[in-house]
Amino acid sequence: MSYTGPDFEPPQPRRSPLRRPLTVAVAALVPGALLGWGVYAAVGGGSDGGGSDAAGTPATSSATTEPSATVEPSPTAKPSPSDSAPLKGKVVVIDPGHNPANFEHPSQINRKVNVGTHWKECDTTGTATNTGWPEAKFTLDVAHRLRELLEKQGATVKLTQDGDRSYGPCVDERARIGNEAHADAAISIHADGSGAGNRGFHVIMPGAVHDGDADTRAIVAPSAELGESVAGSFVRVTGSAPSNYIGDGTGLNTRTDLGGLNLSTVPKVFIECGNMRDSTDVALLTSGSWRQKAAQGMSEGIVSFLRG
Ligand SMILES: [Zn+2]
């Protein structure tokens, strides 16, 4: 869920006439990929720690069920020595959405910060599954997997937070961290909290904004390139279909209300990996093997963007 403050109505997804629905491309992929996925889950590859999450419920007994975060190396991730540093000299900033401790600091996260176009909360708690697994833990888990994949390829990777801050950082600081690192690419990782039946991922790219401290004119085009690259790889690696409720099947959306994008001066996108309130998506989001594929998909998208 990406920071739609109380003072802001979630914007209607804007259809891009240029982008043909990814669904067409996916239509060819999905049966195979999902079939592959189904098989994978059935042989116990899906869940972490041996419990069955084919049914979508994480394998722990506590009330707020929480899948373990063991990192499972994807069979395709073993780069040969010559490919090991395609990202040498590149800087990538990963922004794990929200912070697991935000709910303990309501006054701090509700403080308003300026995002160029308007003022909004410093940060939000994020959403959670119906059984209480917080988005903020999902985002950190995927961020760690992505960092490992990118570092293996020689990139310098920086996280905006690593569960090591009492709250936040605020959305303006999250953008600043990428700017000050002179990131070649930045990605903010989220999972949505929408109505059941709304499924799939979408990538959010910055629209053109030039207001106050916000000036995205120079990053709109490279961020769109990064966004399309990440969306394409995400479909290919995870086999998951793009959102059926935002982006008209393109898996892409453009917004001008997110502080993390408005204040960025480097190519940056947000990704909503799925809907934490839909049981079908939750079966994927709570599976370590799927999260590894999600990270792999993001990594391949970033690599092909950076290699141009
Ligand atoms: Zn979020």
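Every value quoted in this text rests on a predicted model; they were computed, and no experiment measured them.

Regarding the overall build of the protein
A count of helices and strands for the protein gives eight helices and 10 strands. Within the protein, the proportion of its 308 residues that are buried is 54%. By sequence separation, contacts in the protein at least 24 residues apart represent 83% of the contacts at least 6 residues apart. Split by element, the accessible area of the protein, about 12800 Å² in all, is 56% carbon and sulfur.

Focus: the packing of aromatic side chains
The final tally for this structure, using the stated rule, is three aromatic pairs. Arranged with centres 6.0 Å apart and planes meeting at 90°, the rings of Trp-133 and Phe-138 form a pair that is edge-to-face. In this structure Trp-133 comes out as buried when scored by relative accessible area, which is 2%. Exposure remark for Phe-138: the relative accessible area of 0% places this residue in the buried category. Between Phe-234 and Trp-290 the ring centres are 5.8 Å apart and the planes differ by 80°, which places this aromatic pair in the edge-to-face class. A residue pair is termed long-range when its members are at least 10 positions apart, and Phe-234 in helix α5 (residues 220-238) and Trp-290 in helix α8 (residues 288-306) qualify at 56 residues. A relative accessible area of 0% means that Phe-234 is categorised as buried. With a relative accessible area of 1%, Trp-290 lands in the buried category.

As for the confidence of the model for the protein
When the pLDDT values of the protein are averaged, the result is 83; 73% of them are 70 or greater. The low-confidence segment residues 2-20 (pLDDT under 50) makes 46 contacts with residues lying over four places distant or belonging to another chain. A low-confidence stretch, residues 23-75 (pLDDT under 50), is modelled with 83 contacts involving residues beyond four sequence positions or located in other chains.

What counts, and where the lines are drawn
- Counting restarts for each chain, with residues numbered from 1 along the sequence as it is written.
- In keeping with the predicted nature of the model, local features appear solely for residues at pLDDT of at least 70, side-chain atom pairs appear and are counted solely at 80 or more, and the whole-chain, interface and lining totals rest on all residues.
- Only heavy atoms go into the side-chain values, all of them from the structure, while hydrogens and water stay out.
- Helix and strand definitions follow DSSP, with helices as H or I runs of at least four residues and strands as E runs of at least two, each counted in order from the N terminus.
- Throughout, exposure labels follow a simple rule: accessible area from a 1.4 Å probe, protein chains only, divided by the maximum for the residue type, with under 20% read as buried, over 50% as exposed, and the rest as partly exposed.
- Contacts were defined at the residue level, with two residues in contact if any of their heavy atoms lie within 4.5 Å.
- All accessible-area figures derive from a Shrake-Rupley calculation using a 1.4 Å probe, and residue coverage is judged against the displayed protein chains alone.
- Only centres within 6.5 Å qualify two rings of Phe, Tyr or Trp (six-membered ring in Trp) as a pair; their planes then separate them into stacked at under 30 degrees, edge-to-face at over 60, and tilted for everything else.
- Values of pLDDT, the confidence the predictor places in each residue, fall between 0 and 100.

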